[in-house]
Amino acid sequence: MLGLELTPEHPVDDLVELGTQAEREGYNSCFVSCHYNNRDPFAVLARLAAETDDIRLGPGVANPYELHPVTLAGKVATVAEASGGRGLLGIGPGDPSTLRNLGLEDERGLRSVLEAFKVAQKLWDGERVTHDGTFEATDAGLNFDVPGEVPVYVGGEGPHMCRMAGKHADGLLFNGSHPDDLAWAREQVDIGVEDRPDSRGEFTLAAYASVSVSEDADAAREAARPPVAFITAGAAPPVLDRHGIDADRASDIGEKISAGAFSEAFGLVTPAMIDAFSMAGTPDDVADRMDAVLEHADGVVVGSPVGPDLEEAITLAAAAYRSTSRRR
């Protein structure tokens, strides 16, 4: 997998141009990120469905709390129909810093993610569903056929989420950019894959990586500050410990993000955080990091910020991926 994350902090027209560029550059999947304070990802996906031909499209990463899971399944099915069977679903427990604003932080959990996509798969297969668990549905169904298979990628980084994905999903979008983190993720995934039925087919572990690439290394690292702040704020204590990052400083970043003090939050990001939680630098720097990550992962999703110049960075990131030793 070579995927691209588009973040609807940018105008929809701009995102559509970037998505069509990604298809031309050889990306095979495009995820549109889901945060209440950005533009609607499904509005972007609808436009992309109409203006692309081959690239797979879906939300990444949606959560099952802001929308009822049956409603979420219907929206993804609509993308699949509009794109002629190119839909996909990235689903996970959501970003704690933004869910805190909606009073939903305590809803996050593995069971809700698993139940949501299992019900979605039944709905996509044309079944009517009654469910009583982390959410309720009674005789729910879709009134249209869903073309093609809709792969489900779980977005997460905790051990239980990784193992669950290995057993039940089509892939894992692991929120990581460092080879040490992907090596650990592979160990967790393999535990889940041991119990995976053969009927579920192959499994893809993708590094859902914060990438910031530019010919100007300093500009690339500076552009990485905002996404690294969000990643650091949501990182589990063992991940912070693995990279020697102060947990209190990470907590302070999360509190400032929730309060809307973004400049202050981004100012707390350290060089060590950028090294741990992003692939930031020149094309050669990023290629080297991708190469190391691909020792453990099956692919890379190029995530926010991509680079200080988005159009240039989409091209540079694709070239960096193609130049890795595992892709030559």
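For every chain, the first residue of the written sequence is number 1, and numbering continues from 1 onward in sequence order. Local features in this predicted model are restricted to residues whose pLDDT is 70 or higher, and side-chain atom pairs enter the listing and the counts only when it is 80 or higher, whereas totals over whole chains, interfaces and linings include all residues. Values shown for side chains rest on all heavy atoms present in the structure; no hydrogens or waters enter the calculation.

Looking at an unreviewed UniProt entry, the chain carries the name 5,10-methylenetetrahydromethanopterin reductase, with the source organism given as Haloferax sulfurifontis ATCC BAA-897. UniProt positions are given in the numbering used here, feature names are shortened, and annotations may be inferred rather than shown by experiment. What the UniProt record of the chain gives under Function (unreviewed entry) is the line "Catalyzes the oxidation of methyl-H(4)MPT to methylene-H(4)MPT." Taken verbatim from the UniProt record of the chain, the Sequence similarities (unreviewed entry) comment is "Belongs to the mer family."

What follows is about the pattern of salt bridges. The term salt bridge refers to a side-chain nitrogen of Lys or Arg lying within 4 Å of a carboxyl oxygen of Asp or Glu. Going through the model one piece at a time under the given rule, you end up with 10 salt bridges. With its nearest N and O atoms 3.3 Å apart, the salt bridge here joins Glu105 to Arg100. Residues joined by salt bridges that share partners form a network here, namely Asp13, Arg47 and Glu51.

The next point concerns the packing of helix H6 (residues 159-168) against helix H7 (residues 179-193). Between H6 and H7, whose axes approach to 7 Å, the crossing angle comes to 50°. With respect to H7, the axis of H6 lies oblique. Pair H6 / H7 crosses with right-handed handedness. Taking contact as the criterion, the partners of Pro159, Cys162, Arg163, Gly166 and Lys167 in H6 are, on H7, Trp184, Gln188, Val189, Ile191, Gly192 and Val193. Looking at the contact of H6 with H7, its residues break down into six nonpolar, three polar and two charged. Comment: axis = line fitted to C-alpha atoms, over the contacting stretch for helices; angle = value between 0 and 180 degrees taken between N-to-C directions. Helix and strand definitions follow DSSP, with helices as H or I runs of at least four residues and strands as E runs of at least two, each counted in order from the N terminus. Oblique is the label for every angle not falling under 35 degrees (roughly parallel), over 145 degrees (roughly antiparallel), or within 65 to 115 degrees (roughly perpendicular). For any pair of crossing helices, the crossing counts as left-handed if the nearer helix is rotated counterclockwise from the farther one by less than a right angle, and right-handed if it is rotated clockwise. Should any heavy atoms of two residues lie within 4.5 Å, those residues are considered in contact. Only Asp, Glu, Lys and Arg are considered charged in this grouping, and only Ala, Val, Leu, Ile, Met, Phe, Trp, Tyr, Cys and Pro are considered nonpolar; every other residue, Gly among them, is considered polar.

With that out of the way, let us pick up the packing of aromatic side chains. We describe a pair of aromatic rings using the distance from one ring centre to the other and the angle between the two ring planes. Stacked, tilted and edge-to-face are the three classes assigned to paired rings of Phe, Tyr and Trp, where Trp is represented by its six-membered ring and a pair needs centres within 6.5 Å; plane angles under 30 degrees give stacked, over 60 edge-to-face, the rest tilted. Throughout the structure, instances matching the rule amount to five aromatic pairs. Taking 6.2 Å as the distance between ring centres and 45° as the angle between the ring planes, the aromatic pair formed by Phe174 and Trp184 counts as tilted. Of the two residues, Phe174 sits in strand E8 (residues 171-174) while Trp184 sits in helix H7, which places them 10 residues apart along the sequence. For every residue, the accessible area obtained with a 1.4 Å probe (protein chains only) is divided by the maximum for its type, and the residue is called buried under 20%, exposed over 50%, and partly exposed between those limits. The exposure class assigned to Phe174 is buried, which follows from its relative accessible area of 2%.

Right, let's get into the side chain of Ser212. Within the secondary structure, Ser212 is located in strand E9 (residues 204-213). If we skip the residues at most four places from it in the chain, Ser212 touches Ala220, Ala223, Ala224, Met279, Ala280, Gly281, Val286, Pro305, Val306, Gly307 and Pro308.

Only residues whose relative accessible area exceeds 30% and that form no salt bridge enter a patch; like-charged residues are grouped when within 9 Å of one another, and nonpolar side chains (Val, Leu, Ile, Met, Phe, Trp, Tyr) when within 5 Å. Note on areas: Shrake-Rupley, 1.4 Å probe, and residue coverage restricted to the protein chains presented here. Charged residues are defined narrowly, with Lys and Arg counted positive, Asp and Glu counted negative, and His plus the chain ends left uncounted. Each charge is placed at NZ for Lys, CZ for Arg, CG for Asp and CD for Glu. Where like charges cluster on the molecular surface, the negative patch consists of Asp14, Glu17, Glu215, Asp284, Asp285, Asp288, Asp309, Glu311 and Glu312. Every element with two or more residues in the negative patch is listed here: helix H1 (12-25), helix H14 (283-293) and helix H15 (310-323). Top contributing element to the negative patch by residue count: H14, with three residues. With respect to the helices, strands and loops of the structure, Glu312 is situated in helix H15. The class for Glu312 is partly exposed, based on a relative accessible area of 35%.

Okay, empty space enclosed by the protein next. Here a cavity denotes a set of grid points, spaced 1 Å apart and computed over the protein atoms alone, in which a 1.4 Å probe fits but from which it cannot get out, and a pocket denotes an open set meeting protein on both sides within 12 Å along at least five of seven lines; residues with an atom within 4 Å of a point are reported as lining. Grid points are joined across faces, edges and corners, and a volume is the space filled by probe spheres set on the points. As enumerated under the stated definition, the model contains three cavities of 30 Å³ or more in all. What the largest cavity holds in volume is close to 70 Å³. Lining the largest cavity are 13 residues, with Glu5, Leu6, Thr7, Val306 and Leu310 sitting closest to its centre. Contributions of two or more residues to the lining of the largest cavity are made by strand E1 (2-6), H1, strand E11 (299-306) and H15. In terms of residue class, the lining of the largest cavity is made up of eight nonpolar, three polar and two charged. Approximately 40 Å³ is the volume found for the second largest cavity. In this structure, the second largest cavity is lined by Glu157, Phe174, Asn175, Gly176, Asp181, Ile231, Ala235, Val239 and Phe277. For the lining of the second largest cavity, the class distribution of residues is five nonpolar, two polar and two charged.

Quick look at the packing of H1 against helix H2 (residues 41-51) now. Axis separation between H1 and H2 bottoms out at 9 Å; the angle between their running directions is 45°. Relative to H2, the element H1 lies oblique. Along this stretch, H1 crosses H2, giving a crossing that reads as right-handed. Within the contact between the two elements, H1 uses Val12, Asp13, Leu15, Val16, Gly19 and Thr20 and H2 uses Val44, Arg47, Leu48 and Glu51. Here the contact of H1 with H2 is composed, by residue class, of five nonpolar, two polar and three charged.

All right, on to the pairing of E1 then. Burial analysis of E1 places five of its five residues in the buried class, which makes it a mostly covered element. Burial of E1 is two-sided: the residues Leu2, Leu4 and Leu6 facing one way and the residues Gly3 and Glu5 facing the other way are all buried. Strands qualify as paired when DSSP identifies two bridges or more between them. Sheet topology places E1 next to E11; three bridges connect them, and they run parallel. In the sheet register, Gly3 faces E11, and the bridge partner there is Val301. By the bridge criterion, four bridges tie E1 to strand E2 (residues 29-32) in an arrangement that is parallel. Note that in E2 the partner of Gly3 across the bridge is Ser29.

The next point concerns unusual backbone geometry. Here the amide bond leading from Gly60 into Val61 is cis, since omega sits at 10°, within 30 degrees of zero. Mapped onto the elements, Val61 comes out in the loop between strand E3 (56-59) and helix H3 (69-82). Residue Ser304 is joined to Pro305 through a cis peptide bond whose omega torsion reads 10°. Relative to the helices and strands, Pro305 is located in strand E11. Although it is not a glycine, Asp139 sits at a positive phi angle of roughly 50°. With respect to the element layout, Asp139 can be found in strand E6 (residues 136-140). Although it is not a glycine, Val306 sits at a positive phi angle of roughly 75°. As for its placement among the helices and strands, Val306 is situated in strand E11. Residue Val306 is classed as buried on the basis of its relative accessible area, which comes to 3%.

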